[in-house]
Amino acid sequence: MNAIIENHLTTNVGAIHQNATQNVPPLLELKRLSKIFTTDAGQVHALSSVDLVLQRGETLGLVGESGCGKSTLARLIMALYPPSAGEILFDGKNIAQSDKAERLARHARLQMVFQDPFSSLNPRQSIGRTLEEPLIVHRRGDKVARKARVSWLLERVGLHLESAWRYPHEFSGGQRQRIGIARALALRPDLIVCDEAVSALDVSIRAQILNLLLDLRAAYGVAYLFISHDLAVVRHMSDRIAVMYLGKVVEQAPSENIWRAPLHPYTQALMSAIPSPHRKSILGNKKRIILQGDLPSPLNPPSGCRFQTRCPYAEARCRAEEPLLQAADKGHTVACHFAIG
Ligand SMILES: Nc1ncnc2c1ncn2[C@@H]1O[C@H](COP(=O)(O)OP(=O)(O)O)[C@@H](O)[C@H]1O
Ligand code: SF4
Ligand SMILES: [Mg+2]
């Protein structure tokens, strides 16, 4: 699978660099973003002061164990619920302050592909209607133009044109994910948030869908926030990777840095878990870190460093003092008292 994906991988470094030097605001910027859910059991600290930047045409991978806050981050970006604190800037504009027209315009430019396309597709709606609906809502073209666009979308994601007349239950999981991608693509978005978009698929189908996403990026310059618990998948898709642990970003770097020289003990543990013949050569003589136990409860996060209850290097300072993200290298930040120098 990896070889297939590698062949399709195109880096957008030139375009991203151009954005950064032209004084254009980033496509997406998260500033000290936090989300606390109040439940009967207490306050769930799902997301704590997350800072992230995503440039136009870039793919930012977001990786971390189940329960670390990835989907919460995605839902906040999609404005499905409001942040408890912090800001989300899209094109430099705080989305919490947008009026109705701005919200509609953003909706067209910001789309999402879900893990389970079946539950996100209306079972009583034909695929043609599902793909046409966003075009109707956003008044894109007349009926003839919309039909042509639906055919183009189906063709683009590798589905037969007759699929337009069929219903979600008539398709396989991989085909349904293609429909989900076609729907996300319908309005020519600038950013697609993919939340565990291939996690439910068989390995061979997974490679096809990842390659489709990479092809679409190369063809249309769409940016992705690519979310997965699987570091190997994230690495193949992403220009940069942010590693999350219990509601916080603990390391962020260009994809190859994370892969070749992970600095945070948690990132090293994720690397250790990858069944790869190359892992030993990548990690060299570094100790293989096997993650013990489950993610601690976000109802009562550990003091100091949130990873201290599972970190083999934890010392007294780790329990007392929270490590902040610090620059280790160009574009590489890490939050660990002992990772740098
Ligand atoms: N609507 C909600 N109400 C209460 N707790 C929630 C809600 N959504 C998510 N959580 C909790 O927030 C934490 C992060 O969840 P989530 O963002 O789904 O993680 P991930 O996508 O990384 O698996 C988990 O502990 C989860 O139980
Ligand atoms: S700060 Fe301490 S507990 Fe946290 S990752 Fe670094 S060594 Fe481990
Ligand atoms: Mg999730």
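Small disclaimer: the values here were computed from a predicted structure and weren't measured.

S.K.: Requested: an account of the packing of helix 6 (residues 127-137) against helix 8 (residues 173-185), with residues and values cited.
M.R.: It is at 8 Å that the axes of helix 6 and helix 8 come closest, and there the two elements cross at 25°. Judged by the angle between their axes, helix 6 and helix 8 are roughly parallel. Judged by the sense of rotation from one axis to the other, the crossing of helix 6 with helix 8 is right-handed. Taken together, the residues of helix 8 that come into contact with helix 6 (itself represented by I127, T130 and L131) are I179, A182 and R183. Among the residues forming the contact of helix 6 with helix 8, the class breakdown is four nonpolar, one polar and one charged.

S.K.: Residue-level account of the pairing of strand 6 (residues 110-113), with values.
M.R.: Every second residue of strand 6 is oriented toward a common face, with L110 and M112 on one face and Q111 and V113 on the other, all of them buried. Where strand 6 lies against strand 7 (residues 191-195), four bridges are found, and the strand directions are parallel. Across the sheet, V113 pairs through a bridge with C194, a residue of strand 7.

S.K.: Explain the site of ligand 2 to me, and be specific about the residues and the numbers.
M.R.: Neighbouring residues of ligand 2: 13 residues in total, closest C305, C311, C318, C336 and H337. Residues belonging to the shell around ligand 2 are distributed by class as follows: 10 nonpolar, three polar and no charged.

S.K.: Talk me through the side chain of Q177; I want residue IDs and the actual numbers.
M.R.: Of note, Q177 is situated in helix 8. Those residues in contact with Q177, other than ones at most four positions away along the chain, are V113, F114, Q115, P117, A197, L201 and I209.

S.K.: Before we move on, can you summarise helix 8 with the specific residues and values?
M.R.: An α-helical turn contains 3.6 residues, so a residue and the one three or four places further along point in the same direction. Its 13 residues give helix 8 an end-to-end C-alpha distance of 18 Å, which sits within 8% of 18 Å, the value for a rise of 1.5 Å per residue. Among the 13 residues of helix 8, 11 are classified as buried, and the element is accordingly described as predominantly covered. When helix 8 is considered as a whole, its buried residues turn out to be G174, R176, Q177, R178, I179, G180, I181, A182, R183, A184 and L185. For helix 8, the elements touching its buried residues are strand 6, helix 5 (117-120), helix 6, helix 7 (143-156), strand 7 and helix 9 (203-220).

S.K.: Residues and numbers for the site of ligand 1, please.
M.R.: Taken together, 13 residues surround ligand 1, and among them G67, G69, K70, S71 and T72 come closest. Within the backbone of G69, an N or O atom sits 3.1 Å from an oxygen atom of ligand 1. The fraction of the free accessible surface of ligand 1 (560 Å²) that becomes covered by protein chains is 67%. Mapped onto the shell around ligand 1, the elements with two or more residues apiece are strand 1 (28-39), strand 2 (42-54) and helix 3 (70-77). Sorting elements by how many residues they give to the shell around ligand 1 places helix 3 first, with three residues. Looking at the shell around ligand 1, its residues break down into five nonpolar, six polar and two charged.

S.K.: Lay out the nonpolar core in plain terms, naming residues and giving numbers.
M.R.: Of all hydrophobic cores here, the largest spans 86 residues; its most connected members are L30, L52, L73, V193, L225 and L231. Element by element, the count of residues in this core is highest for helix 9, at six residues. Excluding residues that lie within four positions of it along the chain, L225 makes contacts with L54, L60, L62, L73, I77, L191, I192, V193 and C194.

S.K.: Before we move on, could you go through the sheet that holds strand 4 (residues 85-90) and cite the residues and values that matter?
M.R.: The pairing of strands in a sheet happens through backbone hydrogen bonds and is either parallel or antiparallel. One open sheet holds the four strands; their spatial order is 2-1-4-5, and the pairing between them is antiparallel. Here the strands that pair on one side only, and so sit at the sheet edges, are strand 2 and strand 5 (93-94). Sheet analysis places strand 1 next to strand 2, joined by nine bridges and oriented antiparallel. Across the sheet, residue K35 finds its bridge partner in strand 2, namely L47. Those strands touched by helix 3 are strand 1, strand 2 and strand 4, and its axis lies near 115° from that of strand 1.

S.K.: Hey, could you go over empty space enclosed by the protein for me, with residue numbers and the actual values?
M.R.: Under the criterion given, the structure shown has one cavity of 30 Å³ or more. Looking at the largest cavity, its volume works out to about 30 Å³. If you go around the largest cavity, the residues you meet are L28, L30, L52, V53, L54, L60, L73, I77 and L225. Mapped onto the lining of the largest cavity, the elements with two or more residues apiece are strand 1, strand 2 and helix 3. The element that contributes the greatest number of residues to the lining of the largest cavity is strand 2, accounting for three residues. Of the residues assigned to the lining of the largest cavity, the class counts are nine nonpolar, no polar and no charged.

S.K.: Can you tell me about the environment of S126, naming the residues and giving the values?
M.R.: Looking at the element boundaries, S126 is found in the loop between helix 5 and helix 6. For S126, a relative accessible area of 16% gives the class buried. Linking S126 and W165, residues 39 residues apart in sequence, is a C-alpha distance of 5.7 Å.

S.K.: Break down the pattern of salt bridges for me, with residues and values.
M.R.: Throughout the structure, instances matching the rule amount to 14 salt bridges. A salt bridge links D91 to R109, with the nearest nitrogen and oxygen atoms 2.7 Å apart. One end of the pair, D91, is in the loop between strand 4 and strand 5; the other, R109, is in helix 4 (residues 100-109), with 18 residues separating them in the sequence. When salt bridges that share partners are traced, they join R56, D91, R109 and D190 into one network.

Cut-offs used in this document
- Residues numbered from 1 in each chain as written.
- Chains lettered and ligands numbered in written order.
- Predicted model: local features only at pLDDT ≥ 70, side-chain atom pairs only at ≥ 80, totals over all residues.
- Heavy atoms only, no water.
- Axes fitted to C-alpha atoms, helices over the stretch in contact; angles between N-to-C directions.
- Helix = DSSP H or I, 4+ residues; strand = E, 2+ residues; numbered from the N terminus.
- Parallel < 35°, antiparallel > 145°, perpendicular 65-115°, else oblique.
- Left-handed = near helix turned anticlockwise from the far one by under 90°.
- Contact = heavy atoms within 4.5 Å.
- Nonpolar A, V, L, I, M, F, W, Y, C, P; charged D, E, K, R; others polar.
- Buried < 20%, exposed > 50% of the residue type's maximum accessible area, 1.4 Å probe, protein only.
- Pairing = 2+ DSSP bridges.
- Near = heavy atom within 4 Å.
- Expected span 1.5 Å × (residues − 1).
- Polar contact = N/O pair within 3.5 Å; in protein donor to acceptor, adjacent residues only side chain to side chain.
- Areas by Shrake-Rupley, 256 points an atom, 1.4 Å probe, with all protein chains shown as cover.
- Core = buried A, V, L, I, M, F, W, Y, C linked by side-chain atoms within 4.5 Å.
- 1 Å grid on protein atoms, 1.4 Å probe; cavity = no way out; pocket = protein on both sides within 12 Å on 5 of 7 lines; lining within 4 Å.
- Points joined across faces, edges and corners; volume = space filled by probe spheres on them.
- Salt bridge = Lys/Arg side-chain N within 4 Å of Asp/Glu carboxyl O.

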